Amino acid sequence: MKKPILLALSLMLLMLGLTSCNKDQDAKVCVAYFSYSGVTKSVAETLAQVTDATLYEIVPEEAYGDDTMNYNDENARAFKEQMGTAPQRPAIKKTLKGAKKYDVLLIGFPVWYGKAPRVILTFLEEYAHEGQTVIPFCTSDSSTIDSSENELKATFPAINWRHGDRLNDKTAVQLQAWFESFGCGL
Ligand SMILES: Cc1cc2nc3c(=O)[nH]c(=O)nc-3n(C[C@H](O)[C@H](O)[C@H](O)COP(=O)(O)O)c2cc1C
């Protein structure tokens, strides 16, 4: 009679060991984001809180002007950068100290014309590193993350990408659950 109970208990302990993350071995996480009008900023702030991550704002050297708001304006800088008729790696103002220590990078951005803003590409070129896992997230009016993510993956094939998501209107609990869905092995 005792053997089956012991076996069941051992199995339960084994499963617990496999499903719970060891705090000491938890990955170092950085939430890096660019936000023009504040929507992505708010998601990034909550995400950093619930994941106990470092929050880093990607600040373009030259701020985007009011013309950015009108995304039908073909003369706007954002339009020209995204469509490839202006330099496509806008410089970043600050530096991320100790970038190499982050095992996981959550990279957030607003979708601009179906793609990540070019300043995200500048950031990845400068700071993403080998062995790091990168999870993209976006906010948008309606676009999913798919076309932005596909372009990033094609531009940076050496990065260890995980499939990201559009995170508009998520609660803190939902954001935490989203992050945890990637598991302990990040
Ligand atoms: C220049 C520009 C281009 C945009 N392109 C798209 C788009 O292709 N698809 C979409 O759903 N929303 C688009 N939007 C809307 C933004 O992605 C959306 O409002 C986002 O949540 C803003 O985030 P932010 O406040 O962090 O800048 C665009 C907005 C701007 C300013």
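Look a little higher up for the structure.
Procedures and definitions
- Residues numbered from 1 in each chain as written.
- Predicted model: local features only at pLDDT ≥ 70, side-chain atom pairs only at ≥ 80, totals over all residues.
- Heavy atoms only, no water.
- Helix = DSSP H or I, 4+ residues; strand = E, 2+ residues; numbered from the N terminus.
- Buried < 20%, exposed > 50% of the residue type's maximum accessible area, 1.4 Å probe, protein only.
- Contact = heavy atoms within 4.5 Å.
- Areas by Shrake-Rupley, 256 points an atom, 1.4 Å probe, with all protein chains shown as cover.
- 1 Å grid on protein atoms, 1.4 Å probe; cavity = no way out; pocket = protein on both sides within 12 Å on 5 of 7 lines; lining within 4 Å.
- Points joined across faces, edges and corners; volume = space filled by probe spheres on them.
- Nonpolar A, V, L, I, M, F, W, Y, C, P; charged D, E, K, R; others polar.
- Core = buried A, V, L, I, M, F, W, Y, C linked by side-chain atoms within 4.5 Å.
- Axes fitted to C-alpha atoms, helices over the stretch in contact; angles between N-to-C directions.
- Left-handed = near helix turned anticlockwise from the far one by under 90°.
- Pairing = 2+ DSSP bridges.
- Right-handed = clockwise from strand over helix to strand, strands pointing away.
- Phe/Tyr/Trp six-rings, centres within 6.5 Å; stacked < 30°, edge-to-face > 60°.
- Lys NZ or Arg CZ within 6 Å of the ring centre and 35° of its normal.

(A) Expanded view of the overall build of the protein chain. Of regular secondary structure, the protein chain possesses six helices and six strands. Helices and strands in the protein chain line up, N terminus first, as α-β-α-β-α-β-α-β-α-β-β-α. A total of 186 residues make up the protein chain; the buried ones form 40% of that total. When contacts within the protein chain are restricted to residue pairs at least 6 apart in sequence, those whose partners lie at least 24 apart make up 76%. When the accessible surface of the protein chain is split by element, carbon and sulfur atoms take 53% of a total near 10700 Å².

(B) Quick peek at empty space enclosed by the protein. On inspection of all chains with the given rule, the structure shows one cavity of 30 Å³ or more. Computed from the structure, the largest cavity encloses a volume of approximately 30 Å³. Leu 96, Ala 99, Tyr 102, Leu 105, Phe 123, Tyr 127 and Gln 132 are the residues that line the largest cavity. Of the residues assigned to the lining of the largest cavity, the class counts are six nonpolar, one polar and no charged.

(C) Up close: the nonpolar core. Counting 30 residues, the largest nonpolar core has Ile 58, Ile 120, Phe 123 and Leu 124 as its most contacted members. Counting only elements with at least two residues in this core, the list comes to strand S1 (29-33), strand S3 (104-110), helix H4 (118-127) and strand S4 (133-139). Residue contributions to this core peak at six residues, all from H4. What Ile 120 contacts, discounting residues up to four positions off in sequence, is Phe 34, Ile 58, Ile 107, Gly 108, Phe 109 and Leu 152.

(D) Local environment of the packing of H4 against helix H5 (residues 146-155). Closest axis-to-axis distance for the H4/H5 pair is 12 Å, and the angle between their directions is 35°. Crossing handedness for the pair H4 and H5: right-handed. Every residue of H5 that contacts H4 at Arg 118, Ile 120, Leu 121 and Leu 124 is listed here: Glu 151, Leu 152 and Thr 155. Across the contact of H4 with H5, the residue classes tally to four nonpolar, one polar and two charged.

(E) Main features of the pairing of strand S2 (residues 54-57). In terms of strand pairing, S1 meets S2 through four bridges, oriented parallel. In the sheet register, Cys 30 faces S2, and the bridge partner there is Thr 54. Following the backbone out of S1, through helix H2 (residues 39-51) and into the adjacent parallel S2, one traces a crossover that is right-handed.

(F) Broad picture of the packing of aromatic side chains. Enumeration over the complete set of coordinates arrives at 10 aromatic pairs. Ring plane angle 90° and centroid distance 6.4 Å describe the contact between Tyr 71 and Tyr 113, whose orientation is recorded as edge-to-face. Residue Tyr 71 is located in the loop between S2 and helix H3 (77-82), and its partner Tyr 113 is located in the loop between S3 and H4; the two are separated by 42 residues in the primary sequence. Residues Phe 123 and Tyr 127 carry aromatic rings whose centres are separated by 4.9 Å and whose planes lie at 40° to one another, so their mutual orientation is tilted. Taken together, the residues span about one helical turn, with Phe 123 and Tyr 127 both in helix H4 at a distance of four residues. Across the pair, exposure class does not vary: Phe 123 and Tyr 127 are buried alike. Members of the aromatic cluster, connected to one another through ring pairs, are Phe 34, Tyr 36, Tyr 64 and Trp 112. A cation over a ring is seen here: Arg 77 above Tyr 64, with NZ or CZ 3.8 Å from the ring centre.

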